[in-house]
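# Examination of the molecular architecture
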Amino acid sequence: MSDFLKLDKLTLSYGGPTPAVENLDFSMGKSELVALLGPSGCGKTTTMRAVAGLMKPVSGTITLDERDITRVSANKRGVGLVFQSYALFPHLSVFENVAFGLRLARVPGAEIKRRVDAVLASVGLSHLAARQPRELSGGQQQRVALARSIVVEPKLLLLDEPLSNLDARLRLEMRSELARLQDELGITMVYVTHDQAEALALADRIIVMREGRIEQAGTPEDIYERPVSIFVANFMGFENCFELTDGKLKGIAAPSFETGSAAGVAWRPHAVVLGQGPHTGTVIGASYLGPVVEYLLSTPLGDIKAEAPASAPRHAMGQAIAFDLPQAGAVLLARP
Amino acid sequence: MRIAGNLLLTLVLIFLIGPFVIICIAGLSGGETLAFPPDGLSLRWVQRVFEVESFRSAFWLSIALAIGSTLLALILGIPAAYALDRYNPPMAETIRNIVTAPIIVPGIIVGLALLRHLVVPLGIPITLALIIGHTALLVPYAVRVVSASLVNLRTDVEEAAVMLGASRLQSFFKVVLPNIRSGILAAFIIGFITSFNQVPISLFLTGPGVTTLPIGMMFYMEFNYDPSVAALSGLLAIMSLAIVMLAEKLLGLSRYV
């Protein structure tokens, strides 16, 4: 079943002159984890809210598990949502927060106890069941929010930037915990984020969104290694992205390889060869990053970021330096 | 300078608390007329307060009126505060101003207007008229105090309840209400005291045989100039004080007003 969740020509609007999301098509399989990736304002959170039922689409349909849920109200969709702010109920203990959905469904008390205990154990919070939300750290609140959403066994779980309020170390820890939970429970998840590293690490498939449309969809490898546009390439850490006009770079001799009908070409900093090559640039910045030193070069092409091993002799500021943009490591981009 | 400051502070405090102390002491007088300093000390006028039939019935009417109109004001005010805060309706600011009007307009005008244009033409019974008048006076307090506690409750908490299967109504009763409980209690206490101590509106709306306590005390004083009114005033002041202090201790009432 590759059409477990299917969005068909979905258009969403907040009433402004241009819709927030326009004619969005996408589908995903059961137990898949799909990341909606993009900068703020690209429509990823709006799309997620529409799938949740918290926002009515202007047009288009949403199908979940072979049922058209476009007009089904949010509380009857079988969709769970983990909020960026966690949105725990401040007046209820951790146990009662997690039990909330089960109590609404009139699950018998003994079963509630069993299921809440089990899910709290799986997120490692059994010892905090009696605490109030305000007594918990951010990471612990995040786990409660997650436990509360998965205990009701939704068909689909939506996560809205779930790690963005955590510090760097906790973020890594929660990331692997999310991956483990998804693995164990096989929940179908849509994960909204603006952090490409998170999307690459967690997702089976990534959908990059831009201005309310899908810019590129594919596996993490597809997106990371074969971005289709300058926009995606920029987002995926290709620091050096350039437009091509008639297969030529502006300002320097064209690279010595066939560019076909590509609209752009990109290199990651480590793919730029320093110290030899046909082009020349001036060092205008250098940052020591541990294993490597990253240089910023001013060139006729524009600024270029290049990396050299930290063990190599350093280049001084203002020094003219030869460099090459080799075919190996170049990625051709079909669109601007 | 320091001494002058302390002196000024003492004077202000005497000015504020002085009348209260004087009334309490006058109420403990042993004499026949209201006087300060009192003619000896006794509890006979305090005892007398509980024997005057008109005081007793007025006291219970005032209590019932205060509780009833505060509850009504909350039933009207909580949904109003919720709608103003969450749905941001057109002309929200205008609605807020209209809702707040009874606080600004002098009570004597509200009372006269209610009497002249509502009670007399429609022939509304006195008790009902009192409830309507007091409720109108208390709605602004209910809206403002409840609004203050709603602002602290994020909307995504309600959405979280909906995503867990709650209807909008269930999310209101299971998530919103419990979280603004202390605001509602604060509004109740403020409303109760405001209604209980209310004079100008009640003055127009009370009638033969039906009177609130403050009005009853005014009428009583016109004919009897004995210390029982002072004794009653002291008792009421202590009651109000006790309620406010309890509320401050339990809820931190001053956060809401």
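All residue numbers refer to position in the chain's written sequence, counted from 1. Written order decides the labels, with chains lettered from A and ligands numbered from 1. Since the coordinates come from a predicted model, pLDDT governs what is reported: local features require at least 70, and pairs of side-chain atoms require 80 or more to be given and counted, while whole-chain, interface and lining totals use all residues. Only hydrogens and water are set aside when side-chain values are computed; all heavy atoms of the structure are taken into account.

This part takes up the overall build of chain B. Comment: elements are numbered from the N terminus, with helices defined as DSSP H or I runs of at least four residues and strands as E runs of at least two. Secondary structure assignment for chain B yields 12 helices and 0 strands. The N-to-C order of helical and strand elements in chain B reads α-α-α-α-α-α-α-α-α-α-α-α. Classification of residues uses two cut-offs on accessible area relative to the type maximum, computed with a 1.4 Å probe and protein chains only: under 20% is buried, over 50% is exposed, and between them is partly exposed. For chain B, the proportion of its 257 residues judged to be buried stands at 42%. Should any heavy atoms of two residues lie within 4.5 Å, those residues are considered in contact. Looking at chain B alone, contacts between residues at least 24 apart form 71% of all its contacts between residues at least 6 apart. Carbon and sulfur atoms make up 73% of the accessible area of chain B, which totals about 14,000 Å². Distance between charge centroids for chain B: 8 Å, based on 14 positive and 12 negative side chains. The Shrake-Rupley method, run with a 1.4 Å probe sphere, supplies the accessible areas, and residue values consider only the shown protein chains as cover. His is not counted here, nor are the chain ends, while Lys and Arg score as positive and Asp and Glu score as negative. By convention, the point assigned to a charge is CZ for Arg, NZ for Lys, CD for Glu and CG for Asp.

Along chain A, the regular secondary structure elements total 8 helices and 18 strands. Among the 336 residues that make up chain A, the fraction classed as buried is 50%. In chain A, the share of contacts with a sequence separation of at least 24, taken over all contacts with a separation of at least 6, comes to 65%. With an accessible surface of roughly 15,200 Å², chain A has 50% of that area assigned to carbon and sulfur atoms.

In plain words, nonpolar cores are sets of buried Ala, Val, Leu, Ile, Met, Phe, Trp, Tyr and Cys residues tied together by side-chain atoms within 4.5 Å. Ranked by internal contacts, the top residues of the largest apolar core, which has 54 residues, are A:Val98, A:Val116, A:Leu157, A:Leu159 and A:Ile206. Of the domains in this structure, domain 1 (5-230) and domain 2 (231-333) of chain A are the two that each give at least three residues to this core. Counting 45 residues, the second largest nonpolar core, distinct from the first, contains A:Ile69, A:Phe100, A:Leu104 and B:Ala160. Note that domain bounds follow an automatic or database assignment of domains.

Further remarks concern the sheet that holds strand β1 (residues 5-12) of chain A. All names here are of chain A. One bridge is not enough; two strands pair if DSSP finds at least two bridges between them. Spatial strand order, β2-β1-β4-β5: 4 strands in an open sheet with antiparallel pairing. Single-partner strands in this sheet number two, and they are β2 (21-28) and β5 (67-68). One ladder, built from 5 bridges, connects β1 with strand β4 (residues 59-64); its direction is antiparallel. Among the inter-strand pairings, leucine 7 is bridged to a residue of β4, identified as isoleucine 62. Here the axes come from fitting lines to C-alpha atoms, over the contacting stretch only for helices, and the angles between their N-to-C directions go from 0 to 180 degrees. Packed onto the sheet, helix α1 (residues 44-52) meets β1, β2 and β4 and runs at close to 115° relative to β1.

Taken residue by residue, the interface counts 21 residues in chain A and 18 residues in chain B. Buried area, as used here, totals the accessible surface that two parts lose on assembly, with accessibility defined by a 1.4 Å probe and the loss added over both. Across the chain A/chain B interface, buried area totals approximately 1,600 Å², and carbon plus sulfur atoms make up 70% of it. Looking at the side of chain A facing chain B, the largest losses of area belong to A:Asn75, A:His91 and A:Leu104, adding up to 33% of the total buried there. We define a salt bridge as a side-chain nitrogen of Lys or Arg found within 4 Å of a carboxyl oxygen belonging to Asp or Glu. The tally of links between chain A and chain B comes to 1 salt bridge. Ionic pairing is found between A:Arg49 and B:Glu159, a salt bridge with its closest N-O pair at 2.6 Å. Counted as a polar contact is a pair of N or O atoms within 3.5 Å, where, for protein atoms, one must be capable of donating a hydrogen and the other of accepting one, and residues adjacent in sequence contribute only when both atoms are in side chains. Along the contact surface separating chain A from chain B lie 6 residue pairs in polar contact (both at pLDDT 80 or more).

Further remarks concern the domain arrangement of chain A. All names here are of chain A. For chain A, the assigned domains are domain 1 (5-230) and domain 2 (231-333). Computed over C-alpha atoms, the centres of domain 1 and domain 2 are 38 Å apart. Listed by partner, the interface residues are 18 residues for domain 1 and 16 residues for domain 2. Per-residue buried area on domain 1 facing domain 2 is highest for Tyr224, Pro227 and Ile230; these three make up 48% of the total on that side. Counting across the interface, domain 1 meets domain 2 through 0 salt bridges.

Residue and element names in this part refer to chain A. Our working definition of a disulfide is a cysteine sulfur pair at a distance within 2.5 Å. Scanning the model with the defined rule gives 0 disulfides over all chains in all. The thiol of cysteine 42 is unpaired, and the distance to the nearest cysteine sulfur, on cysteine 241, comes to 18 Å. In this structure cysteine 42 comes out as buried when scored by relative accessible area, which is 1%. A relative accessible area of 16% places cysteine 241 in the buried class.

With that settled, the discussion passes to the pairing of strand β11 (residues 240-245) of chain A. Residues and elements named next belong to chain A. Pairing of β11 with strand β13 (residues 264-267) involves 4 bridges; the strand directions are antiparallel. If you follow phenylalanine 242 over to β13, its bridge partner there is valine 265. Sheet topology places β11 next to strand β12 (residues 248-249); 2 bridges connect them, and they run antiparallel. Across the sheet, residue threonine 245 finds its bridge partner in β12, namely lysine 248. The hairpin formed by β11 and β12 contains 2 residues between the paired strands, and aspartate 246 there has a positive phi angle of roughly 55°.

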